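What follows is the residue order along each chain.
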Amino acid sequence: MTAVANPPEEMAKEIGRDRRRKEDQRLITGRTRWTDNLSIPGTLHLAMVRSPVAHATITSIDTTEAAASTNVVAVLTSEDLGESQGVCINAWPITPDQVTPAHLPIANGRVAFAGEIVAVVVARTAAEARDAAELVDVDYEQLPAVLGIKEALKDEVLAHPDLGTNKSALWVFDSEAAGTGGNADDAIAKARTDGIVIEREFRQQRLIPAFMEPRSVVVDPTGEQITVWSATQIPHILRFALAATTGVPESKIRVIAPDVGGGFGGKLQQTPEEMIAFAVARRLSRPVKYTETRSESLVSAHHGRDQWQKLTLSAEKDGTVTGLKVELEADLGAYVAIVGGGVPVLGAFMFNAIYKFPAYHFSCQTVLTNTTWTDAYRGAGRPEATFGIERMMDELAAEMGVDPFVVREKNWIKHEEFPFTTVAGLEYDSGNYEIATAKAKEIFGYDELRAEQKRRRDSGDPVQLGLGVSTFTEMCGLAPSRVLGSLDYGAGGWEHASVRMLATGKVEVITGASAHGQGHETAFSQIVADRLGIPFDDIEVLHGDTQIASKGLDTYGSRSLVVGGEALVRAADKVIEKALPFAAHLLEASVDDVKFHEGRFQVVGTDAGMALTEVATATFTAHNLPDGAEPSIDADATFDPVNFNYPHGTHLCAMEVDTETGAVKMRKYTCVDDIGNIINPLIVSGQVHGGLVQGIAQALWEEAVYDDQGTLVSGSFVDYLLPTAADTISFDVDHTTTPATTNSLGTKGVGEAGTIASTPAVVNAVVDAIRHLGVKDVQMPCTPERVWNAINHGGAGGATEAAAMPHFEPDAEPGTSSTEGAGA
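Residues numbered from 1 in each chain as written. Predicted model: local features only at pLDDT ≥ 70, side-chain atom pairs only at ≥ 80, totals over all residues. Heavy atoms only, no water.

A.B. asks: Teacher, can you tell me more about the overall build of the chain here?
C.D. replies: Tallying secondary structure elements over the chain gives 23 helices and 29 strands in all. A globule of 824 residues ought to have a C-alpha radius of gyration of about 28 Å, and the chain, at 28 Å, matches this closely. Reported as C-alpha extents along the three principal axes, the dimensions of the chain are approximately 85 × 70 × 50 Å. Per-residue burial for the chain yields a buried fraction of 62% across its 824 residues. Sequence-distant contacts, at least 24 apart, represent 80% of the contacts inside the chain between residues at least 6 apart. (Helix = DSSP H or I, 4+ residues; strand = E, 2+ residues; numbered from the N terminus. Rg over C-alpha atoms; globule rule 2.2 N^0.38 Å. Buried < 20%, exposed > 50% of the residue type's maximum accessible area, 1.4 Å probe, protein only. Contact = heavy atoms within 4.5 Å.)

A.B. asks: Sorry if this is basic, but what is going on with the packing of helix 17 (residues 520-532) against helix 18 (residues 560-586) here?
C.D. replies: Axis angle and axis distance: for two packed helices, these are the angle between their axes and the distance between the axes, and together they describe the pair. One way to put it is that helix 17 packs onto helix 18 with a least axis distance of 10 Å and a crossing angle of 35°. Of the two possible hands of crossing, helix 17 and helix 18 adopt the one that is right-handed. In this structure, helix 17 uses His-520, Phe-524, Ile-527, Val-528, Arg-531 and Leu-532 to contact helix 18, whose residues at the interface are Ser-560, Leu-561, Gly-564, Gly-565, Leu-568, Val-569, Ala-572, Asp-573, Val-575 and Ile-576. Partitioning the contact of helix 17 with helix 18 into residue classes produces 10 nonpolar, 4 polar and 2 charged. (Axes fitted to C-alpha atoms, helices over the stretch in contact; angles between N-to-C directions. Left-handed = near helix turned anticlockwise from the far one by under 90°. Nonpolar A, V, L, I, M, F, W, Y, C, P; charged D, E, K, R; others polar.)

A.B. asks: Can you help me understand the packing of helix 18 against helix 19 (residues 612-621) in this one?
C.D. replies: Between helix 18 and helix 19, the shortest axis-to-axis distance is 10 Å and the interhelical angle comes to 80°. Viewed along their axes, helix 18 and helix 19 adopt a mutual orientation that is roughly perpendicular. Side by side, helix 18 and helix 19 meet where Val-575, Ala-579, Phe-582, Ala-583 and Leu-586 of the first sit next to Leu-612, Val-615, Ala-618 and Thr-619 of the second. Here the contact of helix 18 with helix 19 is composed, by residue class, of 8 nonpolar, 1 polar and no charged. (Parallel < 35°, antiparallel > 145°, perpendicular 65-115°, else oblique.)

A.B. asks: Just to check I follow, could you spell out the environment of Ser-632 for this structure?
C.D. replies: By the element assignment, Ser-632 lies in the loop between helix 19 and strand 25 (635-639). Linking Ser-632 and Phe-620, residues 12 residues apart in sequence, is a C-alpha distance of 7.3 Å. Apart from the residues lying within four places of it in its own chain, the contact partners of Ser-632 are Lys-578, Phe-582 and Thr-619. Polar side-chain contacts of Ser-632 include one of 3.2 Å to the backbone nitrogen of Asp-634. (Polar contact = N/O pair within 3.5 Å; in protein donor to acceptor, adjacent residues only side chain to side chain.)

A.B. asks: Honestly, the domain arrangement of the chain in this entry has me stumped. Any pointers?
C.D. replies: When cut into domains, the chain gives domain 1 (24-32 + 494-639) and domain 2 (39-379). Counting residues at the interface gives 20 residues for domain 1 and 19 residues for domain 2. Buried surface at the junction of domain 1 and domain 2, summed over both partners, amounts to about 1,500 Å²; 45% is from carbon and sulfur atoms. The largest share of the area that domain 1 buries against domain 2 comes from His-516, Thr-546 and Asp-554, three residues that together contribute 40% of it. Taken together, the connections running from domain 1 to domain 2 amount to 2 salt bridges. Notably, a salt bridge pairs Asp-259 with Arg-26, separated by 2.8 Å at the nearest N-O pair. Inspection of the region where domain 1 meets domain 2 yields 11 residue pairs in polar contact (both at pLDDT 80 or more). Grouping the amino acids of the side of domain 1 that touches domain 2 by side-chain chemistry returns 5 nonpolar, 11 polar and 4 charged. (Domains from an automatic or database assignment. Buried area = accessible area lost by both parts, 1.4 Å probe. Salt bridge = Lys/Arg side-chain N within 4 Å of Asp/Glu carboxyl O.)

A.B. asks: Would you mind showing me how to read the sheet that holds strand 28 (residues 732-736) here?
C.D. replies: Hydrogen bonding along the main chain pairs the strands of a sheet, whether they run parallel or antiparallel. Here 4 strands make up an open sheet; going across it, the order is 18-26-27-28 and the pairing mixed. The outermost strands of the open sheet, each flanked by one partner alone, are strand 18 (463-473) and strand 28. Taken pair by pair, the neighbouring strands of this sheet meet at an average axis angle of 15°, ignoring direction. Of the strand pairs in this sheet, strand 27 (residues 664-674) and strand 28 are connected by 5 bridges, and their pairing is parallel. (Pairing = 2+ DSSP bridges.)

A.B. asks: Help me out: how do you make sense of the packing of aromatic side chains in this one?
C.D. replies: Here the distance between the centres and the angle between the planes together describe a pair of aromatic rings. One pass over the full model with this rule turns up 15 aromatic pairs. Where Trp-171 meets Phe-362, the ring centres are 5.9 Å apart and the plane angle is 70°; that geometry is what we call edge-to-face. Placement of the pair is Trp-171 in strand 7 (residues 167-174) and Phe-362 in strand 15 (residues 360-367), with a sequence separation of 191 residues. The pair Trp-171 / Phe-362 is uniform in exposure class, with both members buried. Each member of the aromatic cluster is reached from another via a ring pair, and the members are Trp-171, Phe-173, Phe-349, Phe-351, Tyr-360 and Phe-362. In this arrangement the basic side chain of Arg-19 is found over the ring face of Phe-536, its NZ or CZ atom lying 4.0 Å from the centre. Its guanidinium or amino end placed over the ring of Phe-405, Lys-441 lies 4.6 Å from that ring's centre, counting from NZ or CZ. (Phe/Tyr/Trp six-rings, centres within 6.5 Å; stacked < 30°, edge-to-face > 60°. Lys NZ or Arg CZ within 6 Å of the ring centre and 35° of its normal.)

A.B. asks: What exactly am I supposed to notice about the sheet that holds strand 24 (residues 609-611) here?
C.D. replies: One open sheet accounts for 3 strands, arranged 22-23-24; its pairing is antiparallel. At either margin of the open sheet sits one strand with a lone partner, and together these are strand 22 (594-597) and strand 24. Each strand axis lies, on average, 20° off the axis of its neighbour in the sheet, ignoring direction. In the packing of helix 18 onto the sheet, contacts are made with strand 22, strand 23 (600-603) and strand 24, and the angle to strand 23 comes to roughly 45°.

A.B. asks: Honestly, the nonpolar core in this entry has me stumped. Any pointers?
C.D. replies: If you look at soluble globular proteins, the nonpolar side chains tend to sit buried side by side. Membership of the largest hydrophobic core comes to 97 residues, with the highest contact counts inside it found for Leu-313, Tyr-360, Phe-362 and Tyr-669. With 8 residues, helix 21 (residues 753-770) is the single largest residue contributor to this core. Among the nonpolar cores identified, the runner-up in size contains 47 residues, and Ile-527, Ala-529, Val-569 and Ala-584 belong to it. (Core = buried A, V, L, I, M, F, W, Y, C linked by side-chain atoms within 4.5 Å.)

A.B. asks: When you look at the pattern of salt bridges in this model, what are you seeing that I'm missing?
C.D. replies: Note on pairing: side chains with opposite charge can pair once their charged atoms come close. All chains considered together, the criterion is met by 48 salt bridges. Glu-752 is the partner of Arg-382 in a salt bridge, and the nearest nitrogen-oxygen pair spans 2.9 Å. With Arg-382 in helix 12 (residues 382-400) and Glu-752 in the loop between strand 28 and helix 21, the pair connects residues that are 370 residues apart, well separated along the chain. Glu-752 matches Arg-382 in its accessibility class, with the two residues each being buried.

A.B. asks: For this particular structure, what's the right way to read unusual backbone geometry?
C.D. replies: Working note: non-glycine residues mostly have negative phi, and peptide bonds are mostly trans. Cis geometry is adopted by the peptide bond preceding Pro-419, which originates at Phe-418 and carries an omega value of -5°. Here Pro-419 shows up in the loop between helix 13 (404-411) and strand 16 (420-421). You will see that Asp-155, though not glycine, has its phi angle at about 60°, which is positive. Mapped onto the secondary structure, Asp-155 falls in the loop between helix 5 (149-153) and strand 7. We classify Asp-155 as partly exposed; its relative accessible area is 24%. For Glu-588, which is not glycine, the phi torsion reads 55° and is therefore positive. In this fold, Glu-588 is placed in the loop between helix 18 and strand 22.

A.B. asks: Which parts of the structure should I look at to understand the environment of Thr-555?
C.D. replies: Inspection of the secondary structure puts Thr-555 in the loop between strand 21 (539-542) and helix 18. Under the relative-accessibility criterion, Thr-555 is labelled buried at 4%. Sequence separation between Thr-555 and Leu-268 is 287 residues; the distance between their C-alpha atoms is 8.3 Å. Beyond its immediate chain neighbours, meaning those up to four positions away, Thr-555 contacts Gln-233, Ala-513, Ser-514, Ala-515, His-516, Gln-518, His-520 and Ser-560. Here Ser-560 takes part through its side chain, which lies 3.4 Å from a polar atom of the side chain of Thr-555.

Spelled out as structure tokens, the structure:
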């Protein structure tokens, strides 16, 4: 068989094109299948009975009345389910001696936070299950509860009395010991004599991921396999955890993450509810479903952030930084979650940020409290670190009386210095902070706004203007397996992909990454379309089902494109490599004379050629293949990077602050991010805009607050303030490009960039507006009351406010700040 055809006109490139997302048509027209939409004949419904108290011994559970209720099938406790319920795992013990309380899906004998599950009701409808759950009579003998980090460190009241301490783990990095820099204490001591030392303590308040779709799980045990549908970010990891902790063979478990309505790290978890549904389905041999209410989600799905940060920065008199010491205290909540203590450890590598610190010391003490457990939330350790260092660079500039850009430009890594090994031991492969900053300042109108700020100051305007700066980088593409292994992380960081060439000329792409709103189906189709020369609409992306995508490590840490996308590229290249000898045989030419371009194999110097899709059809029929050839050009690839991925950018914020009322208003926000080569600018803009709003929300609105009894008083959207479109402004979003060298696409992560950079930009702007009034810090969220108190109490920020408002840490000394050294 010989194919002779004129080559097609040059194909339009997909990479770099604004493509509307393939996924959106079914999502916005209601044709999608959320987990809660699934309906299996004979399904029973679950309702969880939760503890209303933060810490107590369970003295009795009376299920009699509930069990007798209409259409109730069973009421089960931890004792009833026993070992079949498994345990909730911690996959990242950050030290060998980490104190890790056992975490049963249903509490047995004692509850450790308000919202912990003590029993499960099984009924024919969800309403009947919820009604019966109200009838379960649980007697509690209340125990003292420890509710804040500072209190927990005293070890006077214990979250888990059997453990003897609230201190879970102390993780330390020291640049001198690691051989990556000098001694931070020595640098600070020297600066106290002949330099500048800045010391501040910042609060990272507790946040709630608040994803749009509540968590939901359906388990069907009636087939050869137990099938689990879950609104999860991690179907592959969930499958492993179910098998590892229940004894059910992994081959007998299928996990499907259908369309998932957001996650932000909040669905990166092996949840108690998933484990309970799995155990109940097995026990009753019936399909079961559980979907949480919004109030359940807020009180029991894991929370994020929740740190105290004490930072000490030393510098020479001209502003050249000489040392950085970070002392972190992080609240894990009642249990050590799947990543748990690893979240602040990720931040350890980012406090030095884009700056050339010669000495660095980091320590993190994690603690247990009687509050909802914490884990990854968009950015996971990197936003906390970026906030700390960017606030400190502003404080250094203020101490010196110079513009915030002066100290940043003096200390950042120059573009010609890449690749650059940082004091934390990471190698930044590429970047250009200078051009990103120049572009951001121009779009923002930085000089003009500084001039306006001066006019307002000079005139005594009650509404003052502040400008905030955040020049950030992040480590993302959470991946290098060897690095993760060196940190005692319990899994690898590779990703797997397959490309299947169908006989009809269409293509199936299978990825181990699992989407929950990012646009994987669109971006991955664009990548494969360009690589194989196949029309965009002829490519189907399959994901989120461990039966179809049997290998994968799922989606978190901005890894889908830079790790999963590269796996796809490699699989597509293998398809071409496998198809080449088939095409040469069909074209009756030497392999060396056949070249692939734009979806076609062409005999060099002739008009003879054939499309890759024609080779796929010929491979399917297998009528005329080389002797001994296997009739398949499908290919798999697994990619494990050798390094992280380092996007960066410059974010600028202008805030107006009414000094008479404390009210704040965003005037302008500009960001210029360098995320390497861009696959789909439209998707990128959506990711950046969403990330910005989440980071701004931490700065201005969001905070999970407990009362002194351990009750979450921000347990609904009445009290937990999520912004709407009406609360935000239009952002100026732009990009510069320095391609990554860690993947062939030259791409960098973008999913967390906006969240990481925006929070310090906003807070720096608020503080800048009122610094001339003696304010050095305002504790987040920067509510009008907190801003007003900072202005009217000598710049003490949150310290005065802590006594005036409900606060998560009533026993602490928030917002402390001091400046020492020759420049003080």
